[in-house]
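A structural walkthrough
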Amino acid sequence: FYWKKKIILNRFYIIFFAIISKWLKYWFTILCYSNNQKKSYFKSNLILVKQVIQSLSNGNVEIIELPVPEIGDNEVLVQTSCSLISSGTERMLINFGESNLFQKARKNPERVKEVLNKAIVDGPFLAYDAVSKKLEEPIPLGYCNVGKVTKKGKGVSNFEIGDRVVSNGPHAEYVKINKNLCA
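A few points on the structure. (Residues numbered from 1 in each chain as written. Predicted model: local features only at pLDDT ≥ 70, side-chain atom pairs only at ≥ 80, totals over all residues. Heavy atoms only, no water.)

**Digging into the pairing of strand β7 (residues 174-178)**
What counts is decided by this rule: Remark: exposure states derive from per-residue accessible area (1.4 Å probe, protein chains only) relative to the maximum for the residue type, with buried under 20%, exposed over 50%, and partly exposed in between. Strands here mean DSSP runs of E at least two residues long; helices mean DSSP runs of H or I at least four residues long; both are numbered from the N terminus. Only when DSSP finds a minimum of two bridges between them are two strands counted as paired.
Where burial is concerned, the two faces of β7 differ: the one with V175 and I177 is buried and the one with Y174, K176 and N178 is not. Two elements, strand β3 (residues 75-83) and β7, share five bridges in a ladder whose sense is antiparallel. The partner of E75 across the bridge, within β7, is N178.

**Quick notes on the pattern of salt bridges**
Condition: Note on definitions: salt bridges are taken to be side-chain nitrogens of Lys or Arg within 4 Å of carboxyl oxygens of Asp or Glu.
This model, assessed by the stated rule, comprises five salt bridges. A salt bridge links E65 to K50; the nearest nitrogen and oxygen atoms lie 3.3 Å apart. Separated by 15 residues along the polypeptide, E65 in strand β2 (residues 61-67) and K50 in strand β1 (residues 48-55) bring together distant segments of the chain. Residue class for E65 comes out partly exposed when judged on its relative accessible area of 48%. For E114, the salt bridge goes to R111, with nearest N and O atoms at 3.4 Å. Of this pair, E114 and R111 both sit in helix α5 (residues 109-122), separated by three residues, roughly a single helical turn.

**Some thoughts on the layout of surface pockets**
As a reminder of what qualifies: A cavity here means a set of 1 Å grid points, computed over protein atoms only, where a 1.4 Å probe fits but cannot escape. A pocket is an open set with protein on both sides within 12 Å along at least 5 of 7 lines, and lining residues have an atom within 4 Å of a point. Grid points are joined across faces, edges and corners, and a volume is the space filled by probe spheres set on the points. By the convention adopted, Pro, Cys, Tyr, Trp, Phe, Met, Ile, Leu, Val and Ala count as nonpolar, Lys, Arg, Asp and Glu as charged, and the other residues, Gly among them, as polar.
For the largest pocket, the calculated volume is near 690 Å³. The wall of the largest pocket is formed by 21 residues, among which R111, V115, V131, K134 and L135 lie closest to the centre. Of all the secondary-structure elements, those providing two or more residues to the lining of the largest pocket are α4 (101-107), α5 and α6 (124-136). Here the residues of the lining of the largest pocket are counted per class, giving 14 nonpolar, one polar and six charged.

**A short note on the environment of R91**
Rules: Any pair of residues with heavy atoms lying within 4.5 Å of one another is described as a contacting pair.
Mapped onto the fold, R91 is located in helix α3 (residues 87-98). Among the residues examined, R91 registers a relative accessible area of 42% and is labelled partly exposed. Setting aside its immediate chain neighbours within four residues, R91 contacts S86 and E98.

**Side note on the environment of N100**
Along the chain, N100 turns up in the loop between α3 and α4. For N100, a relative accessible area of 39% translates into the label partly exposed.

**A closer look at the packing of α5 against α6**
For clarity, the cut-off: Every angle, taken between N-to-C directions, lies between 0 and 180 degrees, and every axis is a line fitted to C-alpha atoms, over only the stretch in contact when it is a helix. An angle below 35 degrees is treated as roughly parallel, one above 145 as roughly antiparallel, one from 65 to 115 as roughly perpendicular, and anything else as oblique. Less than a right angle of anticlockwise turn of the near helix away from the far helix marks a crossing as left-handed, whereas a clockwise turn marks it as right-handed.
For the pair α5 and α6, the least separation of the axes is 7 Å and the interaxial angle reads 140°. Considering their axes alone, α5 and α6 lie oblique with respect to each other. Helix-helix and strand crossings are classified by hand; for α5 and α6 the assignment is right-handed. Between α5 and α6, the contacting residues are V115, K118, A119 and D122 on the first element and P124, L126, A127, A130 and V131 on the second.

**Concerning the nonpolar core**
To keep it simple, the criterion reads: By nonpolar core we mean a set of buried residues, namely Ala, Val, Leu, Ile, Met, Phe, Trp, Tyr and Cys, connected to one another through side-chain atoms within 4.5 Å.
V76, V78, V149, V156, F159, V165, A172, V175, I177 and C182 form the largest nonpolar core, which has ten residues in total. Of all the secondary structure elements, the ones that give two or more residues to this core are β3 and β7. Not counting residues within four places of it along the chain, the set of residues in contact with A172 comprises K50, Q51 and T80.

**Here we look at the sheet that holds β2**
Judged by pairing direction, the sheet is antiparallel, and its three strands sit side by side in the order β2-β1-β4 without closing on themselves. Each end of this open sheet is capped by a strand with a single partner; those strands are β2 and β4 (138-140). Looking at each pair of strands side by side, their axes are set apart by 50° on average, direction ignored. Contacts from α3 reach β1, β2 and β4, with the element oriented near 60° to β1.

Put into structure tokens, the structure is as follows:
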């Protein structure tokens, strides 16, 4: 029982420090920057782009706004001009999301085994909590888009800014893609 309390406290501390660090960054920016620096800082951090996501718990599909993704050394940022909609794959995901917990279990017997193993090791409540959290996480829909490269990482040599590419990115205005998953 002691280790369960410890896990819950660790989760609390992680969430608490994440919130405090964002709050401190915000107030540090307000107190230390001049008005022009504040405007440029907040303007650059408020660039939002649209992305299509789905909740696997209830099947709801929605368009959300997220910040422009930051790229790594081997990634490119693509501004989407066209995105492929696969009626079969995306319909399957929507049907899966709309089904109840027992129907989801019938469709994924291998996942049921994983959940049962987790229930044996960690207990049924933690297993249920893990499944609920996994189903609550929204997933981005889509896996094929066309667009122009707007940024590239240091390790990208086969693409230039302005190149038109095809990638496996989701339905979003801007997507970050590994250089090996673009053509």
